[in-house]
Amino acid sequence: MVGYIARRIALAVPVLVGISLIVFVMLHAAGGDPAAIRLGQHADPVSLASMRHAMGLDRPLAVQYLDFLRHAVTGDLGRSYRSNAPVTTDVMARFPATIELAIAAILIGAAVGLIAGTIAAVRRRSWFDYASTFGALLGVSIPTFWLGIILIIAFSIRLHWLPISGRYDPRLGVSPSDHFVIADALVHRNWPVFKDALRHILLPAVTLAGWPAAIIARMTRASLMEAMDQDYIRTARAKGLRERVVVGRHAFRNALIPVLTVIGLELGGLLGGAVVTETVFAWPGVGKLTADAIAARDYQVTQGAVLLLGVVFVGLNLLVDLAYAVLDPRIRYGS
Amino acid sequence: MSSSDASSLDRLVDELNAGRLGRRDFLMGAAKLGLSASLAGAIAAAGRQGAGASPNGGRSPVSARLQNGGKTLVVAFPQSTTQLDPGLAGNSGYGDIIPVNENLYEGLTRYKNGTAEIEPALAESWAISKDGLTWVFTIRSGVTFHDGTPLDAKAVETVFNRQLDPNSPLYSSQFGYASIVFAEFASVKATGNLELTVTLKRPITLVAANLAVFAATIPSPTALTTYKNDYSSHAAGTGPFKLDHWTKDVELVYVANDKYWGGRPKLDRVVWQTIATDSLRLSSLQQGSIDVANQLDLKDVGTVSKDSALQLIAGDFWNVQFLAFNQSIAPFDKPEVRQAVEHAINKQNIADAVFYGQYTLGAGPVAPGLLAYDPTLANVYPHDPAKAKSLLSAAGVSKVSFDLYNRTTATWPLIGQLIQADLADVGITANLVSLEDAQFFPQLATGKSAAFLNDWTWDNGDPDNILNALYVGERAKSRLGYANQQVADMITAAEIEPDQNKRKAVYLQVQQQLLADSVSVFLGYPKRALGAAKKVQGLVLSPIGNIVLREVSVS
């Protein structure tokens, strides 16, 4: 097991280097000049050259990349061109918002997906089965920017039920936005803030949950149907077990393994920052940070953020694989 | 449910949310509309919850109590502040620190709020030597920075010299505004505890105006030295508000500076939020989750002024939009072609279609409200497509085609399309090349753009700012292919002219010459509009684009 983990971590190194190289090449291929952005209307050839020199942009690209890599290995991702702050500080300040949103979305998505998928598998070809198939199709095909805006129009602008954007009402006089607001409020039993934060997270979380809910529902249905056809289910029924127990204890647990993979991967995707949803709801997460950094050609922040997200994704994948072994005693890693 | 039923339900929900209707009455009303009890119950429950943080008056006891605990103002703007060091002022070379800056920092001078007039700030007074080369500032006494250190002449010297003196330990060549705000500075010296002496290379008269620019405002030298690159998280100025905390691109929170020399501000906290989308910023204002929306989309000006809960704060903005030619690149090496473009563009159409009338039609480079603005210059090139065509045929050119570089942000794409259509009407083909800012500005710097659409936002409220930056020297030569020694001499001479009337006369002459040389089409001057909740009092529109909150209160 330990050997397996070590091998996986070793394998992650070329993956991460590859990610950073691709990002670096794409950023520079996109054109644009961070020095010119900083100077704006005052940019002229002389000031531009001196600004490029001050920002280290006049060095050869290979030197710039290797320099980034050399520092990244020691955990130093450089400093933002825009804010001058260390990239790790900037990204870490945004992670809590993304993590809270990702968890909220995956909870909603998994709950809806598991329930809908299970009912659809048990009541095969019923109206519910068809409705959930249709729902899943909508879930994967409705673009998030559209769904987000429709939800805002309906629930915020028309009905005034839910807030439009942000993580909490700043007039509640609460904590800085680089915290886990919901968890924070819960720990400190600050119920007004807790409620307010839940109301803020609801629309973006629902918007994001559409895709994972659809995928999880379909996966649960297929996996559960396969399990229901197994011999041990027939045996369980033959023993005279109630259908609830047959589905719940015998079929569902066995069907859960592939579903778990999907949940893990979807969570990884959500942690990667939902650029569009975060932008629509002005949600201060990593996705929005990355998008802003790309627009401003803030090379350091873009590279650093993508690299950190790569680490999270690779790590989560490993965790999912390890979870297999726990759930299914037949799976063994190592020798 | 019919549409009339739907609107009845809307009304019921509103009444419930406003607290005018009890839950029981709501359910009864809903039942009459044929709504099931469970659905109506769900709406009622959600509606109640919604009212909790519903801004329209803080109806919920919880938010009402918390709001009374402190007077908080929430201001949303489209851009984000990326840098709290006013010398470095971040992204897009510009604007993002301007709205927030003057609340945290002050310069030796400042603009009298809402005007181009200069008044003393951290300097109580100043004296200018006869030859105009020495300015002696008396620093205001008893002022402390937010980090507790005192303001004295030495502190100002340190802060100014980090942008001027390569031997200063805080020096960096990344201060993009040093050459503007400290133009012609020879030296800065503390000549007494509260006496600062500035000597100049040339006796320019703009020193007081330049020192009011955000990049010349004064952060604590102790904080700069202590925190170096991390200064922004520990920013300390002398302004009416102190930094509380900041999450880049998201939220910047100020709290009142109890020790402010001008008296404690009336607000306790100010929260600056970034909401990039215009419509969301407006909706947030209407919904009440923010108190002030900066930079309204001008099409929404009518909506805000009609809303009884809101107020519109609108006025001039020191900004000019133009289409610039490069005279060294064909076809614009021919003056007739440039003049044809001047006559072909329908500025009124831009004012109506893009700015919904909130636009002053372009005359010369100098914007309304500034010295030497002259609206009659708009008559030099009236909209006249027939004349444009005859100019082209007189010049003997038939097929005119060129690349028009444009930005992808704000209203630029629309303006570009209107101009493209106007030019097509007289037989000129403009190929729009739309670039995001990260590519647009480097493109300009190459000096290889036949024509481009751009604007100028004033740094210091003086005509010299645009004239000297755009129409003199290397930049004019490379970007515009323009080198008129007479114009350059007039602009340079006006810088050292103490008599404002004489300066005005010179700048009028310069503008006439620039139009005669048809260097650019001056399209117009967009206005600026803020929307605010009615309870916000004392907020004034500033033509330089900052939001000054020291006098603002919420009722």
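Residues numbered from 1 in each chain as written. Chains lettered and ligands numbered in written order. Predicted model: local features only at pLDDT ≥ 70, side-chain atom pairs only at ≥ 80, totals over all residues. Heavy atoms only, no water.

A. Just the overall build of chain A, in detail. Along chain A, the regular secondary structure elements total 14 helices and zero strands. When the helices and strands of chain A are placed in sequence order, the string is α-α-α-α-α-α-α-α-α-α-α-α-α-α. Across its three principal directions, the C-alpha atoms of chain A cover 85 × 60 × 40 Å. In chain A, buried positions account for 50% of the 335 residues. (Helix = DSSP H or I, 4+ residues; strand = E, 2+ residues; numbered from the N terminus. Buried < 20%, exposed > 50% of the residue type's maximum accessible area, 1.4 Å probe, protein only.)

B. Spotlight on the overall build of chain B. Across its full length, chain B holds 20 helices and 21 strands. For chain B, the proportion of its 555 residues judged to be buried stands at 57%. Considering only residue pairs separated by 6 or more positions, chain B has 68% of its internal contacts joining residues 24 or more positions apart. Just so you have it, chain B exposes about 20800 Å², and 51% of that area is on carbon and sulfur atoms. (Contact = heavy atoms within 4.5 Å. Areas by Shrake-Rupley, 256 points an atom, 1.4 Å probe, with all protein chains shown as cover.)

C. Seen up close, the pattern of salt bridges. Under the criterion given, the structure shown has 30 salt bridges over all chains. Between R503 of chain B and D462 of chain B there is a salt bridge, and its shortest N-O distance comes to 2.9 Å. Here R503 of chain B is found in helix α20 (residues 500-516), whereas its partner D462 of chain B is found in the loop between β17 (451-457) and α17 (463-471), with 41 residues between them in sequence. Across the pair, D462 of chain B and R503 of chain B agree in class, each one buried. For K477 of chain B, the salt bridge identified is with E474 of chain B, shortest N-O distance 4.0 Å. Remark: E474 of chain B and K477 of chain B occur in helix α18 (residues 473-480); sequence separation between them is three residues, near one turn of the helix. For K477 of chain B, a relative accessible area of 47% translates into the label partly exposed. We classify E474 of chain B as exposed; its relative accessible area is 59%. In the salt-bridge network here, residues are joined through shared partners; they are R59, D67 and R70 of chain A. (Salt bridge = Lys/Arg side-chain N within 4 Å of Asp/Glu carboxyl O.)

D. Broad picture of the packing of aromatic side chains. A full pass over the atoms with the stated rule returns 18 aromatic pairs over all chains. On the basis of an interplanar angle of 75° and a centroid distance of 5.8 Å, the ring pair of W127 of chain A and F128 of chain A is categorised as edge-to-face. On the basis of relative accessibility, which here comes to 68%, the residue W127 of chain A falls in the exposed class. According to the relative accessible area criterion, F128 of chain A is partly exposed, its value standing at 23%. Between Y254 of chain B and W272 of chain B, the aromatic rings sit 6.0 Å apart at their centres with planes inclined by 70°, giving edge-to-face as the arrangement. With Y254 of chain B in strand β9 (residues 251-256) and W272 of chain B in strand β10 (residues 269-274), this residue pair connects regions lying 18 residues apart in the sequence. Here R528 of chain B stacks its cationic end above the ring of F317 of chain B, 4.3 Å away from the centre of that ring. (Phe/Tyr/Trp six-rings, centres within 6.5 Å; stacked < 30°, edge-to-face > 60°. Lys NZ or Arg CZ within 6 Å of the ring centre and 35° of its normal.)

E. Expanded view of the packing of helix α5 (residues 87-122) of chain A against helix α11 (residues 243-271) of chain A. All names here are of chain A. Closest axis-to-axis distance for the α5/α11 pair is 10 Å, and the angle between their directions is 150°. On the basis of their axis angle, the class for α5 and α11 is roughly antiparallel. In the packing of α5 onto α11, the handedness of the crossing is right-handed. Together, F95, T98, I99, A102, A105, I106, A110, L114, T118 and V122 of α5 and V247, F252, L256, V259, I263, E266, L267, L270 and L271 of α11 make up the contact between the two elements. (Axes fitted to C-alpha atoms, helices over the stretch in contact; angles between N-to-C directions. Parallel < 35°, antiparallel > 145°, perpendicular 65-115°, else oblique. Left-handed = near helix turned anticlockwise from the far one by under 90°.)

F. Inspection of the sheet that holds β17 of chain B at higher detail. Residue and element names in this part refer to chain B. Read from one edge to the other, the open sheet built from six strands follows the order β14-β18-β13-β17-β15-β16, with strand pairing classed as mixed. Lying at the two open borders of the sheet, with one neighbouring strand each, are β14 (359-361) and β16 (428-435). For this sheet, the mean angle separating the axes of adjacent strands, direction not counted, is 25°. Sheet analysis places strand β13 (residues 319-325) next to strand β18 (residues 520-526), joined by four bridges and oriented antiparallel. (Pairing = 2+ DSSP bridges.)

G. Molecular detail of the pairing of strand β15 (residues 400-407) of chain B. All names here are of chain B. Counting buried residues in β15 gives six out of eight residues, a clear majority hidden from the surface. One ladder, built from eight bridges, connects β15 with β16; its direction is parallel. Bridge pairing in β16 links L404 to L432. For the segment spanning β15, helix α15 (residues 412-425) and β16, crossover handedness is right-handed. Taken together, the two bridges between β15 and β17 define a ladder with parallel strand orientation. Residue pairing across strands places L404 opposite A451, the latter belonging to β17. (Right-handed = clockwise from strand over helix to strand, strands pointing away.)

H. Spotlight on the nonpolar core. Formed by 124 residues in total, the largest nonpolar core has its most connected members in L108, F160, L196, W272, L539 and L549 of chain B. Counting 85 residues, the second largest nonpolar core, distinct from the first, contains I201 and I216 of chain A together with L282 and A529 of chain B. (Core = buried A, V, L, I, M, F, W, Y, C linked by side-chain atoms within 4.5 Å.)

I. The arrangement of a nonpolar patch on the surface in detail. Residues and elements named next belong to chain A. Where nonpolar side chains cluster on the molecular surface, the patch consists of F145, W146, I149, I150, I153, I157, V275 and V276 and spans about 650 Å² of accessible area. With six residues, the top contributor of residues to the nonpolar patch is helix α7 (residues 144-158). The topology assignment puts V275 in helix α12 (residues 275-280). (Patch = residues over 30% accessible without salt bridge, like charges linked within 9 Å, V, L, I, M, F, W, Y side chains within 5 Å.)

J. Expanded view of unusual backbone geometry. Residues and elements named next belong to chain B. Omega for the peptide link from A330 to P331 comes to 5°, which places this bond in the cis form. Even without a glycine there, the phi angle at A372 is positive, about 75°. By the secondary structure assignment, A372 is in the loop between β14 and α14 (385-394).

K. How the structure looks around the pairing of β17 of chain B. Residue and element names in this part refer to chain B. Burial of β17 is extensive: seven of the seven residues sit out of reach of the surface. Burial along β17 is two-sided: the residues A451, L453, D455 and T457 and F452, N454 and W456 are all buried. Relative to β17, β13 runs antiparallel, the two being bridged by seven bridges. Within β17, the residue paired with F325 across the bridge is A451.

L. Examining the environment of P413 of chain B more closely. Following the sequence through the fold, P413 of chain B ends up in helix α15. When neighbours within four sequence positions are excluded, P413 of chain B is seen to be in contact with N406, R407 and T408 of chain B.

M. Spotlight on the packing of helix α1 (residues 2-29) of chain A against helix α14 (residues 299-327) of chain A. All names here are of chain A. Here α1 crosses α14 at 150°, and the two axes come no closer than 9 Å. Comparing the axis directions of α1 and α14 gives the class roughly antiparallel. Where α1 crosses over α14, the handedness of that crossing is right-handed. Broken down by class, the residue content of the contact of α1 with α14 amounts to 17 nonpolar, six polar and two charged. (Nonpolar A, V, L, I, M, F, W, Y, C, P; charged D, E, K, R; others polar.)

N. Structural view of the side chain of N406 of chain B. With respect to the helices, strands and loops of the structure, N406 of chain B is situated in strand β15. Beyond its immediate sequence surroundings of up to four residues, N406 of chain B is in contact with W412, P413, G416, L432, V433, S434, L435, F440 and L453 of chain B.

O. Structural detail: the environment of L539 of chain B. Residue position: L539 of chain B is located in the loop between β20 (536-537) and β21 (553-554). Note: C-alpha distance between L539 of chain B and V292 of chain B (247 residues apart in sequence) is 9.6 Å.

P. View of the confidence of the model for chain B. Residue and element names in this part refer to chain B. Per-residue confidence for chain B gives a mean pLDDT of 86, with 86% of residues at or over 70. Summarising per-element confidence for chain B, the mean pLDDT is lowest in helix α4 (residues 61-68) (34) and highest in strand β5 (residues 134-139) (98). Scored below 50 in pLDDT, residues 1-6 makes four contacts in the model with residues more than four places away or belonging to other chains. For residues 91-95, every residue scores under 50 in pLDDT, and the model assigns this stretch 22 contacts once sequence neighbours within four places are set aside. (pLDDT = per-residue confidence, 0-100.)

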